[in-house]
Amino acid sequence: MWYELKAGYMDWPHVKAKLCEKVMASFEASATIAQFKKSLGGAEISGANPFIIIDKAATGVSQTLASRMKAVEKILSYDSLVRLSNEEKKTLWQERHFLTSRPDALFKFLQCVNWLDHTQVLQCYRLIYKWEKPNPQQAIELLDARYTDPMVREFAVALIDNLTDEECEQIVLQLCQVLKYEAYHDSALARFLLRRAYRNTKIGHRFFWNLRAELHIKEIAERYSLLLEAYVRGCGRRREELLNQHEVMSTLTIVAHKVKATAMADRKEMMREVLAKSAAKLEKALDHRLLLPLDERLESSGVVVKKCKSMDSKQVPLWLVFENADPMGLKISVILKVGDDLRQDALTLQMMRLMDNFWKKAGMNLGLNLYGCVATGKELGMIEVVKNAETTAGIQREAGGAKSVLQEDVLTKWLLHHNPGTQFNIAQANFARSCAGYCVATYVLGIADRHNDNIMITKDGFLLHIDFGHFLGNYKKKFGYQRETTPFVFTAQYAHVLRRGAKTSEAFESFRDLCARAYNCVRHEATLFLNLFQLVRCSTLILS
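Predicted, not measured: the structure shown is a model, and the values here were computed from it.

A few points about the overall build of the chain
Part 1: Secondary structure summary: the chain contains 23 helices and twelve strands in total.
Part 2: Per-residue burial over the chain gives 50% buried out of 544 residues.
Part 3: Total accessible area computed for the chain in this model is approximately 27400 Å², and 53% of it derives from carbon and sulfur atoms.

In structure tokens form, the structure reads like this:
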């Protein structure tokens with residue numbers, strides 16, 4: 001005798017829906033009655049009418065489904081860094097037809113496919129095009145090295161093609177890195193990047209220099225060279241601008257190497273002499289139109305040799321000043337670094353820009369000063385100079401050297417000097433906003449080596465961090481001891497700027513509130529940040 005489930009059981013609409021979905025999924029996949037019976041955990045079914053389930057199995061079926069769906073939800077709750085066990089993969093594969101309405105489940109499903117089994121692969125191909133589509137930000141994960149199948153990667157590129165040019169520009173760095181994971185030089189991702197680079201000048205500029213910066217890596221030099229050639233051949237008038245930028249960088253790099261090889265006592269005179277000759281030849285060759293790779297919009301009419309200098313740090317970077325081609329514009333100041341890999345700095349600043357965008361969308365303008373930074377070759381690159389700013393170490397030296405480190409009001413006095421009267425209130429508010437932003441950003445990114453020479457304050461009160469050579473927990477050690485003792489920098493001098501010696505103040509409470517809101521905002525976008533870091537995890541970009 002066959003009859004439907006007990007009335008009490010059928011009163012559970014969600015359980016009934018699950019059972020019906022289970023049946024329909026099994027038949028859509030051309031499952032046999034025997035397979036369906038097995039998937040129901042042993043419940044007896046009618047050969048004539050498989051939609052009718054024997055009453056005695058109803059309780060067992062409901063318990064089995066509930067436990068299996070609970071297991072599925074647990075697996076789907078894992079972040080993208082968790083590797084699934086064989087048992088978890090088996091569970092997801094069995095429940096795959098349940099999950100097609102869940103965009104977030106697609107990534108876990110693809111990890112449980114046995115790519116050596118052509119039957120499973122064919123089923124996977126059929127399912128992914130029936131699956132509820134992830135948004136472009138989620139689809140980025142499919143370009144990771146774990147997803148090697150060309151069809152899956154082509155599917156991912158089709159989803160990413162829905163990104164706006166602005167959104168695409170923000171992640172060009174990662175997209176250039178994952179070109180390394182493609183099986184062939186000609187791929188859907190390569191064509192997508194070339195298409196977007198031709199269409200948008202900013203994307204093309206970032207695409208060119210991201211590839212150019214890694215041509216020294218033998219494993220991918222051929223692929224990157226071919227893509228660069230394809231871009232340069234098809235970018236039209238942009239070709240002359242890129243050649244101009246390349247010529248400027250080549251000439252300045254030769255000067256930097258010569259200065260670096262000179263004894264410290266003779267550097268200043270030697271640098272100005274060599275730079276003057278090289279700059280004169282360069283300006284003549286380029287008709288006094290010097291373009292800088294730091295930004296495709298920067299155009300200079302020449303080098304201001306008198307204001308250029310070499311800096312005292314280990315790699316002897318050059319502080320260079322250029323005349324702005326716009327007579328009404330300010331002079332362009334940059335730092336040319338030879339011997340330092342700026343790709344990690346560029347990655348850190350990119351992540352901070354993403355955070356800043358999310359904060360602004362949430363109504364929080366935290367005033368982050370995210371200066372320009374571009375890697376142009378092996379341990380070679382250019383950084384924008386932040387104007388009207390001083391390092392906290394420099395402020396403390398002006399205030400009396402080592403003794404001033406122990407004085408809580410040093411930064412307050414410096415800001416009062418540059419912002420007298422009621423102007424200080426504006427500077428204090430600027431300090432509160434920017435300090436909150438950088439506290440959250442440096443904490444989330446695990447940025448280390450935060451000493452007083454790596455933190456600056458502008459004259460109008462904005463705090464900013466520079467030099468991101470150590471992040472994601474790659475902390476410095478000295479004599480076996482870890483130098484970093486706090487997760488982010490917030491000193492008594494910072495607190496004094498906000499509280500002016502009181503226990504609390506409106507500015508300090510605003511700072512605390514902004515920290516909490518900014519952190520929660522970033523936490524809400526955690527999946528995107530994890531995916532972006534994961535895309536570059538297997539590359540040489542993240543350094544220890």
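Examining the layout of surface pockets
Part 1: Volume-wise, the largest pocket comes out at about 1300 Å³.
Part 2: Around the largest pocket, the lining comprises 40 residues; the ones closest to its centre are Ser313, Lys337, Asn454, Ile466 and Asp467.
Part 3: At the level of secondary structure, the elements contributing two or more residues to the lining of the largest pocket comprise β3 (309-310), β5 (332-338), α17 (343-361), β7 (380-384) and β8 (389-391).
Part 4: Residue classes in the lining of the largest pocket are distributed as 14 nonpolar, eleven polar and 15 charged.
Part 5: The volume enclosed by the second largest pocket comes to roughly 1100 Å³.
Part 6: Mapped onto the lining of the second largest pocket, the elements with two or more residues apiece are α10 (165-170), α11 (172-177), α13 (201-212), β5, α17 and β6 (373-377).

Notes on the packing of α17 against helix α23 (residues 526-535)
Part 1: Running from N to C, α17 and α23 point in directions that differ by 165°, and their axes come no closer than 12 Å. On the basis of their axis angle, the class for α17 and α23 is roughly antiparallel. Crossing handedness for the pair α17 and α23: right-handed. For the pair α17 and α23, contact is made by Leu347, Met351, Leu354, Met355 and Phe358 and by Leu528, Phe529, Leu532 and Phe533, respectively.
Part 2: Among the residues making up the contact of α17 with α23, the classes are represented as nine nonpolar, no polar and no charged.

Some details on the packing of aromatic side chains
Part 1: Under the criterion given, the structure shown has 14 aromatic pairs.
Part 2: For the pair Phe358 and Phe529, a centre-to-centre distance of 6.0 Å together with 70° between the ring planes defines the contact as edge-to-face. Of this pair, Phe358 sits in helix α17 while Phe529 sits in helix α23; the two residues are 171 residues apart in sequence, bridging distant segments of the chain.
Part 3: Geometrically, the ring pair formed by Phe490 and Tyr494 is edge-to-face, given 6.1 Å between the ring centres and 75° between the ring planes.
Part 4: Residue classification places Tyr494 among the buried residues on the basis of a relative accessible area of 3%.
Part 5: An aromatic cluster is built from Phe431, Phe490, Tyr494, Phe508 and Phe511, whose rings are joined through pairwise contacts.
Part 6: The positively charged end of Arg96 is found above the aromatic ring belonging to Trp93, 4.2 Å away from the centroid.
Part 7: Looking at Arg499, its charged tip hangs above the ring of Phe508, at a distance of 4.7 Å from the centre.

Looking at the sheet that holds strand β9 (residues 455-458)
Part 1: On the basis of which strands lie adjacent, the open sheet formed by three strands has the order β8-β9-β10 and antiparallel pairing. Strand pairing shows two members of the sheet lacking a second neighbour, β8 and β10 (463-465), which therefore form its edges. Taken over all neighbouring pairs, the strand axes of this sheet differ in orientation by 30° on average, direction set aside.
Part 2: Sheet strands touched by helix α19 (residues 410-418): β8 and β9. Its angle to β9, the strand with the most contacts, is close to 30°.
Part 3: Relative to β10, helix α20 (residues 423-444) is tilted by about 25°, and along the sheet it contacts β9 and β10.

Side note on the side chain of Gln315
Part 1: Tracing the sequence through the fold places Gln315 in the loop between β3 and β4 (318-324).
Part 2: Gln315 sits in the buried class, given a relative accessible area of 18%.
Part 3: Not counting chain neighbours up to four residues away, the residues in contact with Gln315 comprise Lys260, Val338, Gly339 and Asp340.

A short note on the nonpolar core
Part 1: Ranked by size, the top nonpolar core spans 155 residues in total, and within it Phe109 and Trp359 carry the most contacts.
Part 2: With residues up to four places along the chain from it excluded, the contact list for Trp359 reads Met364, Leu366, Leu368, Gly437, Val440, Ala441, Ala518, Cys521 and Val522.

Looking at the environment of Cys521
Part 1: Among the secondary structure elements, Cys521 is positioned in helix α22 (residues 506-524).
Part 2: Of the residues examined, Cys521 reaches a relative accessible area of 15% and is grouped as buried.
Part 3: Each C-alpha atom of the pair Cys521 and Phe358 lies 7.1 Å from the other, and the pair is 163 residues apart in sequence.
Part 4: For Cys521, the contacting residues outside a window of four places in its chain are Phe358, Trp359, Ala362 and Met364.

Side note on the side chain of Gln428
Part 1: Looking at where Gln428 falls in the secondary structure, it is placed in helix α20.
Part 2: We classify Gln428 as buried; its relative accessible area is 13%.
Part 3: Setting aside residues up to four positions removed in sequence, Gln428 forms contacts with Val497, Leu498, Arg500 and Ala507.

Comments concerning the pattern of salt bridges
Part 1: Within this structure, the stated rule accounts for 26 salt bridges.
Part 2: Arg297 is the salt-bridge partner of Asp295, the closest N and O atoms lying 2.8 Å from each other.
Part 3: You can call Asp295 buried: its relative accessible area is 18%.
Part 4: For the salt bridge of Asp409 with Lys413, the shortest nitrogen-to-oxygen distance reads 3.2 Å.
Part 5: The structure contains a network of salt bridges with shared partners spanning Asp161, Asp165, Arg195, Arg196 and Arg199.

Description of unusual backbone geometry
Part 1: Unusually for a residue other than glycine, Glu379 sits at a positive phi of about 50°.
Part 2: Relative to the helices and strands, Glu379 resides in the loop between β6 and β7.
Part 3: Residue classification places Glu379 among the partly exposed positions, given a relative accessible area of 40%.
Part 4: Positive phi is not limited to glycine here, since Asn388 has a value of about 55°.
Part 5: Counting through the fold element by element, Asn388 comes out in the loop between β7 and β8.

Rules behind the numbers
Per chain, residue numbering runs from 1 following the sequence as it is written. In view of the model being predicted, local features appear only for residues whose pLDDT reaches at least 70, and side-chain atom pairs are presented and counted only at 80 or more, with totals across whole chains, interfaces and linings using the full set of residues. To obtain the side-chain values, all non-hydrogen atoms of the structure were included, while hydrogens and water were left out. Helix and strand definitions follow DSSP, with helices as H or I runs of at least four residues and strands as E runs of at least two, each counted in order from the N terminus. Residue exposure (1.4 Å probe, protein chains only): buried if accessible area is under 20% of the type maximum, exposed if over 50%, otherwise partly exposed. We get accessible surface area from the Shrake-Rupley algorithm with a probe of 1.4 Å; when it comes to residues, only the shown protein chains can shield them. Put plainly, a pocket is an open set of points on a 1 Å grid over the protein atoms alone with protein on both sides within 12 Å along at least five of seven lines, a cavity is a set where a 1.4 Å probe fits but cannot get out, and a lining residue has an atom within 4 Å of a point. Grid points are joined across faces, edges and corners, and a volume is the space filled by probe spheres set on the points. Residue classes follow a fixed rule: Ala, Val, Leu, Ile, Met, Phe, Trp, Tyr, Cys and Pro count as nonpolar, while Asp, Glu, Lys and Arg count as charged, and any other residue, Gly among them, counts as polar. A fitted line through C-alpha atoms represents every axis, and for helices the fit uses only the stretch in contact; the resulting angles, taken between N-to-C directions, go from 0 to 180 degrees. We call two directions roughly parallel when the angle between them is under 35 degrees, roughly antiparallel when it is over 145, roughly perpendicular when it lies between 65 and 115, and oblique otherwise. Handedness of a helix crossing follows the sense of rotation of the near helix relative to the far helix, less than a right angle counterclockwise being left-handed and clockwise being right-handed. Note on definitions: a residue-residue contact is assigned when non-hydrogen atoms from the two residues lie within 4.5 Å. Working definition: a ring pair exists when centres of Phe, Tyr or Trp rings (six-membered ring for Trp) sit within 6.5 Å. Plane angles under 30 degrees give stacked, over 60 give edge-to-face, the rest tilted. Charge-over-ring placement is defined geometrically: NZ (Lys) or CZ (Arg) within 6 Å of the ring centre, and within 35 degrees of the ring normal. A strand pair is defined by DSSP finding two or more bridges across the two strands. Residue types Ala, Val, Leu, Ile, Met, Phe, Trp, Tyr and Cys, when buried and joined through side-chain atoms within 4.5 Å, form a set referred to as a nonpolar core. Between Lys or Arg on one side and Asp or Glu on the other, a salt bridge is scored when a side-chain nitrogen of the former is within 4 Å of a carboxyl oxygen of the latter.

It is worth stressing that arrangement in space is one thing and function is another; only the former is reported here.
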